[in-house]
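# A structural walkthrough
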Amino acid sequence: MREITPGMGRDKVEVTLPGSKSYSHRLLIAAALAEGESRITGLLRSEDTLLTRDALRAFGAVIEDDGEAMVVTGTGGRLKACAEPIYLANSGTSMRLLTGIAALGEGETVLTGTKRMGERPIEDLLVAMRQAGVPARCVNPTDCPPVKVTGGHFEGGKVTLDCRISSQFLSSLLLAGPYAPKGIEVTVAGELVSRPYVEITLDIMGRFGVEVTHDDFKVFKVAPNQSYRPGAYHCEPDGSNASYFWAAAAVTGKSVKVMNVTKKSRQGDVALVDVLEKMGCTVTHEEDGTTVTGGELSAVTVDMALMPDVVPTLAVVAAHAKGTTVIENVAHLREKECDRLGCVATELRKMGIDAVAKESSLEITGGTLTGSDVETYDDHRMAMSFSVAGLTTPGVRVLDPGCVKKSFPTYWDVFETLQ
Ligand SMILES: O=C(O)C1=C[C@@H](OP(=O)(O)O)[C@@H](O)[C@H](O)C1
Ligand SMILES: C=C(OP(=O)(O)O)C(=O)O
């Protein structure tokens, strides 16, 4: 349990954050698929990214950490079969991306995780993998992990993929695509949620020398006989984790500059600053970072389909704003570490805020918050978002502060620099 001390000590604070979770997973995967040695700096070392690292080791990549960089000796796309099941806790990105990669193995791989992982759907990805020749199925009759993938049969070719639940399915097929004999052509059926994460995938594939073409995010083509090029790569800081510090400024009326996170990034969550600006904050864009300064906050109606991970952050800011904020088009939040629509609304209501989770939206009417014991549902973003409420409200106690280890093990140290 951790009780948050209200107030920000200084009027202007600069924070420096660890590497992007999404970029870290992809940098490690691309380097592990390359032939030869890559040196990657700036990587996030958190529970989830280390699970991806360990899984890639199990697939045969050699990965050493010298403290500054991870040095990866890649496999050239020829992966070992894994005798033991690969445990991926509740890292959706590891599970979904590595399920596609397992198709490049030389035998059966079982990928498994926590109880909650066993409730996070993956069948849509497996349907597409089967179309590409890969025997892949859920071990239980649930459409969710554990999954069993039989490598060595990945022909590729044309597949149709439903991307309404997760963009990670598409990233998975694209990342494995260059090593399929026919390459891969993915037609997206249904709305593609969380599109910026696919842009991150394309960015990394491009930087590693693999070409992907697409027709306005509807049909994606990866030609065969391409390979990931090893080299020296750097990981930028995490835009989703920047949100808590911008939100801290928004609710306290102070200024926070997040160093080296800018609108030039492909991380979609950086666009949260545009929403905060609409709500009444002042945003300053500089080459070396982005500053939010709090102001009088008013409600907004905003489509957050492209920025799912910062919805809990925005919800806490909305609880401090005048009027009713409507966060639309976010049904996919129900499939995250917890049901993020239901759980955010429940915890806000415990603080005296009128919050309603609808089927695909969240409505929050700003008001006066009261302190409460915040249940985190083993979800790092619940802990980090609600800690921001503690800056304005006495008596906010985060029940399981340790769950931040999933994406930001040093969160509380950085948070303390605000105070
Ligand atoms: O590909 C990625 O790195 C991610 C994609 C998003 O998931 P969905 O595409 O399932 O929304 C996001 O929520 C997750 O934290 C990271
Ligand atoms: C949804 C998230 O992660 P993942 O899907 O990788 O579990 C997240 O970090 O908010």
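Under an unreviewed UniProt entry, the protein chain has the name 3-phosphoshikimate 1-carboxyvinyltransferase and belongs to Desulfoluna butyratoxydans. Comment text from UniProt for the protein chain, heading Pathway (unreviewed entry), reads "Metabolic intermediate biosynthesis; chorismate biosynthesis; chorismate from D-erythrose 4-phosphate and phosphoenolpyruvate: step 6/7."

## Examining the pattern of salt bridges
All chains considered together, the criterion is met by 32 salt bridges. Notably, a salt bridge pairs Lys148 with Glu108, separated by 3.9 Å at the nearest N-O pair. You can see Lys148 sitting in strand E9 (residues 147–150) and its partner Glu108 sitting in strand E7 (residues 108–112), a full 40 residues away along the chain. On the accessibility criterion, Lys148 (23% relative accessible area) is partly exposed. Three or more residues are tied together by salt bridges with common partners; here these are Asp48, Asp309, Glu337, Arg340, Asp379, Arg381 and Lys406.

## As for the packing of helix H7 (residues 239–252) against helix H11 (residues 380–389)
Relative orientation of the contacting elements H7 and H11 amounts to 20°, with a least axis distance of 8 Å. One finds that H7 runs roughly parallel with respect to H11. Relative to H11, H7 is oriented so that their crossing is right-handed. Between H7 and H11, the residues in contact are Ser240, Asn241, Tyr244, Ala247, Ala248 and Val251 and Arg381, Met384, Ser385 and Val388, respectively. Among the residues making up the contact of H7 with H11, the classes are represented as six nonpolar, three polar and one charged.

## A look at the site of ligand 1
Near ligand 1 there are 14 residues, and of these Arg26, Ser167, Ser194, Asp309 and Lys336 occur at the shortest range. The side chain of Arg26 places a nitrogen or oxygen atom 2.6 Å from an oxygen atom of ligand 1. One nitrogen or oxygen atom from the side chain of Ser194 is found 2.6 Å from an oxygen atom belonging to ligand 1. For ligand 1, whose unbound accessible area comes to 390 Å², protein coverage reaches 96%. Breaking the shell around ligand 1 down by element, the ones donating at least two residues are helix H1 (21–33) and helix H3 (92–102). Ranked by residues supplied to the shell around ligand 1, first place goes to H1 with three residues. Its residues placed into classes, the shell around ligand 1 shows two nonpolar, seven polar and five charged.

## Quick notes on the UniProt feature "binding site: phosphoenolpyruvate" (unreviewed entry) in the protein chain
Within this structure's numbering, the places UniProt gives as "binding site: phosphoenolpyruvate" (unreviewed entry) are Lys21, Gly92, Arg120, Gln168, Arg340, Arg381 and Lys406. One can find Gln168 in helix H5 (residues 168–176). Discounting chain neighbours no more than four positions away, the residues touching Gln168 are Gly92, Thr93, Arg96 and Leu97. Side-chain polar atoms of Gln168 contact the side chain of Thr93, separated by 3.1 Å. Structurally, Lys406 can be placed in the loop between strand E23 (397–398) and helix H12 (411–416).

## So, the domain arrangement of the protein chain
Partitioning the protein chain into structural domains gives domain 1 (2–17 + 238–416) and domain 2 (21–225). The centre of domain 1, based on its C-alpha atoms, is set 29 Å off from the matching centre of domain 2. On the domain 2 side, the residues contacting the 25 residues of domain 1 number 24 residues. Taken over both partners, the interface formed by domain 1 and domain 2 buries close to 1900 Å², and the fraction arising from carbon and sulfur atoms is 47%. Per-residue buried area on domain 1 facing domain 2 is highest for Arg266, Glu335 and Lys406; these three make up 34% of the total on that side. Where domain 1 touches domain 2, the interface holds two salt bridges.

## Brief notes about the nonpolar core
Grouped together as the largest cluster of nonpolar side chains are 75 residues, with contacts concentrated most on Leu170, Leu174, Phe220 and Tyr228. Here the element with the most residues in this core is H1; it accounts for eight residues. The residues contacting Tyr228, other than those within four sequence positions of it, are Ala30, Leu33, Ala34, Glu35, Leu174, Leu175, Pro178, Tyr179, Met205, Phe208 and Val210. Leu17, Val256, Val316 and Met382 belong to the second-largest nonpolar core, a separate cluster that totals 73 residues.

## A look at the side chain of Lys406
Taking relative accessible area as the criterion, Lys406 reaches 5% and is therefore assigned buried. Within the local environment of Lys406, its side chain forms a polar contact with the backbone oxygen of Asn90, the two atoms lying 3.1 Å apart. In this structure the side chain of Lys406 is engaged in a polar contact, spanning 2.7 Å, whose partner is the side chain of Glu337.

Cut-offs used in this document
Residues numbered from 1 in each chain as written. Chains lettered and ligands numbered in written order. Predicted model: local features only at pLDDT ≥ 70, side-chain atom pairs only at ≥ 80, totals over all residues. Heavy atoms only, no water. UniProt positions renumbered as here; feature names shortened; annotations may be inferred. Salt bridge = Lys/Arg side-chain N within 4 Å of Asp/Glu carboxyl O. Helix = DSSP H or I, 4+ residues; strand = E, 2+ residues; numbered from the N terminus. Buried < 20%, exposed > 50% of the residue type's maximum accessible area, 1.4 Å probe, protein only. Axes fitted to C-alpha atoms, helices over the stretch in contact; angles between N-to-C directions. Parallel < 35°, antiparallel > 145°, perpendicular 65-115°, else oblique. Left-handed = near helix turned anticlockwise from the far one by under 90°. Contact = heavy atoms within 4.5 Å. Nonpolar A, V, L, I, M, F, W, Y, C, P; charged D, E, K, R; others polar. Near = heavy atom within 4 Å. Polar contact = N/O pair within 3.5 Å; in protein donor to acceptor, adjacent residues only side chain to side chain. Areas by Shrake-Rupley, 256 points an atom, 1.4 Å probe, with all protein chains shown as cover. Domains from an automatic or database assignment. Buried area = accessible area lost by both parts, 1.4 Å probe. Core = buried A, V, L, I, M, F, W, Y, C linked by side-chain atoms within 4.5 Å.

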